Amino acid sequence: MDYPIVAESDGIKIRSNKMETDKLYYCIYQEKILLFYKEQNEMLNCYEIAEQEIVDKVKKSQSEDIEQILQKYLKEKNVSC
């Protein structure tokens, strides 16, 4: 399946119909991490992380580590998805 979130020079393209419910998606756009989450009732949530430390960690990490980095960050900030 194609990744439903794509960051391009002119903005972010979100294909919510390709998103799984209760799964966290992310992209990096303009030196920020944008997190997207689709709830059971099809409501789409978006969170922005602009803290340079976490943005740099995500940029440097392997793709399989990114979700762990983001989950740890969200837990530390007491944000639930």
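Residues numbered from 1 in each chain as written. Predicted model: local features only at pLDDT ≥ 70, side-chain atom pairs only at ≥ 80, totals over all residues. Heavy atoms only, no water.

Remarks on unusual backbone geometry
Part 1 of the reasoning: Located in the positive-phi region is Q30, a residue other than glycine, with phi close to 50 degrees.
Part 2 of the reasoning: You can see Q30 is positioned in the loop between strand 3 (24-29) and strand 4 (32-38).
Part 3 of the reasoning: Residue Q30 is classed as exposed on the basis of its relative accessible area of 61%.
Part 4 of the reasoning: Positioned with a positive phi, E31 is a non-glycine residue whose angle comes to about 60 degrees.
Part 5 of the reasoning: Its place among the elements puts E31 in the loop between strand 3 and strand 4. (Helix = DSSP H or I, 4+ residues; strand = E, 2+ residues; numbered from the N terminus. Buried < 20%, exposed > 50% of the residue type's maximum accessible area, 1.4 Å probe, protein only.)

Observations regarding the side chain of K38
Part 1 of the reasoning: Inspection of the secondary structure assignment puts K38 in strand 4.
Part 2 of the reasoning: Within the structure, the side chain of K38 is placed 3.3 Å from the side chain of E42, a separation counted as a polar contact.
Part 3 of the reasoning: With residues up to four places along the chain from it excluded, the contact list for K38 reads S16, N17, M19, E20, T21, D22, K23, M43 and L44. (Polar contact = N/O pair within 3.5 Å; in protein donor to acceptor, adjacent residues only side chain to side chain. Contact = heavy atoms within 4.5 Å.)

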